[in-house]
Amino acid sequence: MIVAIDGPSGAGKSTVAKAVARELGFSCLDTGAMYRAVAWRAVQDGVPFDDDEALGAIARTQEIAFTHQPGEPLPSGVSIGGADVTAAIRTAEIDRAVSPVSAAPSVRAALLDQQRRIGRAGDYVVEGRDIGTTVFPEAEVKVFLTASDEERAHRRVRQNVDRGIGSIDYDEVLADLRARDERDSSRAASPLRPADDAVMLDSTGRFIEDIIDEICGMARDAAARSSR
C-alpha cells in the first residue's frame with residue numbers, strides 16, 4: 001500500500017509521514033531528501049539552477065542511497081555519489097536551492113523511476129509535492145496537508161532554532177515560504193497541487209496527533225476495503 005502525503009513546505013508532512021509509518025508498520029520514502037541531495041551536488045559543483053541538462057546529469061549519474069536503523073521508518077542517512085549529505089541537505093542554503101532544482105524536468109524524470117521502484121516493493125508512506133498526482137497516482141490513500149502561511153512560518157522558525165541552522169527571523173522565513181509556494185505551484189513540471197481524489201487536511205491549530213490518527217484511519221479503511 002502507498003499512503004501519499006502532499007503539501008507545501010512547513011505543513012508538517014515529514015513529521016506526520018514518519019509517525020503514520022511507525023503507527024502502521026510502514027516505511028518512509030523520503031523523496032524530498034533525494035531532490036535535496038541533487039540540489040546539494042549542484043551547489044557544490046556550481047551548476048546553475050536553470051541548466052536543466054546539467055542538473056539532469058547529476059540526477060542520472062550520481063547514485064542516491066539511504067541507510068536505515070532497525071525499526072525506524074525514516075532513513076537515518078542520505079548519500080549522493082558516495083558522499084554523506086545527511087546534515088548538509090538540511091541547511092537554509094539547500095532550502096532555497098531545492099525548489100528550482102526540483103522544478104527541472106530532467107531531474108524529476110531521472111528520479112521518478114527510482115522512486116516508483118522503491119515504493120512499489122512494499123508498504124510505504126511517501127511525502128512530497130507531487131506524490132499523489134505524478135509519482136504514485138494509484139496510491140490507495142492520498143492526503144493534501146496544508147496550514148496557514150503564518151502557522152507554517154512559526155513552525156519553520158522553531159525547527160530552525162532546534163536544529164541550529166537556517167533563519168530564525170519570522171518575516172524572512174514567511175517570505176521564503178511564500179516565494180517557494182509560488183515557485184512550486186507555478187512550475188511546468190509536476191506543480192504543487194492536490195490530486196483530484198486527495199483528502200484535504202488543514203493542520204492549522206490542530207494537534208498533530210489528530211492528523212496522524214485521521215490518516216492512519218484512512219489507511220486502515222483502505223486496507224479493509226481491498227481485503228473484501
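Residues numbered from 1 in each chain as written. Predicted model: local features only at pLDDT ≥ 70, side-chain atom pairs only at ≥ 80, totals over all residues. Heavy atoms only, no water.

Observations concerning the overall build of the protein
Cut-off, in case you're wondering: Counting from the N terminus, the helices are the DSSP runs of H or I reaching at least four residues and the strands are the DSSP runs of E reaching at least two. Any residue under 20% of the maximum accessible area for its type is buried, any over 50% is exposed, and the rest in between are partly exposed; the area is computed with a 1.4 Å probe on protein chains only. Here, residues are in contact when the closest pair of their heavy atoms is within 4.5 Å.
From N to C terminus, the protein includes nine helices and eight strands. With respect to the principal axes defined by its C-alpha atoms, the protein has extents near 55 × 40 × 35 Å. A burial count over the protein gives 48% of its 228 residues as buried. Taking as baseline every contact in the protein between residues at least 6 positions apart, the subset at least 24 positions apart corresponds to 73%.

Here's the deal with the packing of helix α1 (residues 13-24) against helix α9 (residues 208-226)
Quick note on the threshold: Fitted lines through C-alpha atoms serve as axes, helices being fitted only where they are in contact, and the angles separating the N-to-C directions of these axes extend from 0 to 180 degrees. Under this scheme an angle from 65 to 115 degrees is roughly perpendicular, one under 35 degrees roughly parallel, and one over 145 degrees roughly antiparallel; angles in between are oblique. When the near helix sits turned anticlockwise from the far one by under a right angle, the crossing is termed left-handed; a clockwise turn instead gives a right-handed crossing. For this classification, Asp, Glu, Lys and Arg are treated as charged, while Ala, Val, Leu, Ile, Met, Phe, Trp, Tyr, Cys and Pro are nonpolar and the rest, including Gly, are polar.
Relative orientation of the contacting elements α1 and α9 amounts to 50 degrees, with a least axis distance of 9 Å. The orientation of α1 with respect to α9, classified from their angle, is oblique. Here the hand of the crossing between α1 and α9 comes out right-handed. Note on element contacts: α9 touches α1 through I208, I211, I212, I215, C216, A219 and R220, opposite T15, V16, A19, V20, E23 and L24. For the contact of α1 with α9, the residue count by class is ten nonpolar, one polar and two charged.

A few points about the pairing of strand β6 (residues 124-128)
Here is the rule: Pairing between two strands requires that DSSP report at least two bridges joining them.
For β6, the buried fraction is high: five of the five residues fall into the buried class. Burial of the side chains of β6 extends over both faces: Y124, V126 and G128 are buried on one face and V125 and E127 on the other. Pairing of strand β1 (residues 2-6) with β6 involves five bridges; the strand directions are parallel. Of the residues in β6, the one forming a bridge with D6 is G128.

Considerations on the side chain of D130
Cut-off, in case you're wondering: We define a polar contact as two N or O atoms separated by no more than 3.5 Å, with the added condition that, inside protein, one atom must be a possible hydrogen donor and the other a possible acceptor, whereas residues neighbouring each other in sequence contribute only through side-chain atom pairs.
Within the fold, D130 resides in the loop between β6 and α6 (131-135). Within polar-contact distance, the side chain of D130 engages the side chain of R108 at 2.6 Å. If sequence neighbours within four positions are ignored, D130 has contacts with D6, R108, V135 and S190.

Let's talk about the packing of helix α2 (residues 31-45) against helix α5 (residues 105-119)
One can describe the packing of α2 onto α5 by two numbers: an axis separation of 11 Å at closest approach and a directional angle of 140 degrees. One way to sum up the angle between α2 and α5 is to call them oblique. In the crossing of α2 with α5, the sense of the turn from one axis to the other is right-handed. Between α2 and α5, the residues in contact are T31, M34, Y35 and V38 and V107, R108, L111, Q114 and Q115, respectively.

A word on the nonpolar core
What counts is decided by this rule: Only buried residues count toward a nonpolar core, which is a set of Ala, Val, Leu, Ile, Met, Phe, Trp, Tyr and Cys residues joined through side-chain atoms within 4.5 Å.
In terms of nonpolar packing, the biggest core is built from 24 residues, with V38, L55, I64, I80, V85, V107 and L111 touching the most fellow members. Elements with a contribution of two residues or more to this core: α2, α3 (52-61), β4 (77-80), α4 (92-102) and α5. Residue contributions to this core peak at eight residues, all from α2. Leave out the neighbours within four places in its chain, and L55 touches V38, A42, V47, P48, F49, V101, A104, S106 and V107. Of all hydrophobic cores here, the second largest spans 23 residues; its members include M1, A17, F26 and I215.

Digging into the environment of E53
Relative to the helices and strands, E53 resides in helix α3. In this structure E53 comes out as exposed when scored by relative accessible area, which is 65%. The spacing of E53 and S106 is 53 residues in sequence and 6.8 Å in space, taken between C-alpha atoms.

A few points about the sheet that holds strand β8 (residues 199-202)
Sheet architecture is open: five strands sit in the order β2-β6-β1-β7-β8, paired in parallel fashion. Whereas interior strands pair on both sides, the edge strands pair on one side only; in this sheet they are β2 (27-29) and β8. Within the sheet, the average angular offset between the axes of one strand and its neighbour, ignoring direction, is 25 degrees. Bridging between strand β7 (residues 141-146) and β8 involves four bridges; their strand directions are parallel. Among the inter-strand pairings, F144 is bridged to a residue of β8, identified as M200.

Notes on the state of the cysteines
Condition: By definition, disulfides here are pairs of cysteine sulfur atoms that lie within 2.5 Å.
Per the stated rule, a full pass over the model turns up zero disulfides. Residue C28 stays outside any disulfide, its sulfur separated by 11 Å from that of C216, the closest cysteine. Here C216 falls in the buried class, since its relative accessible area comes to 1%.

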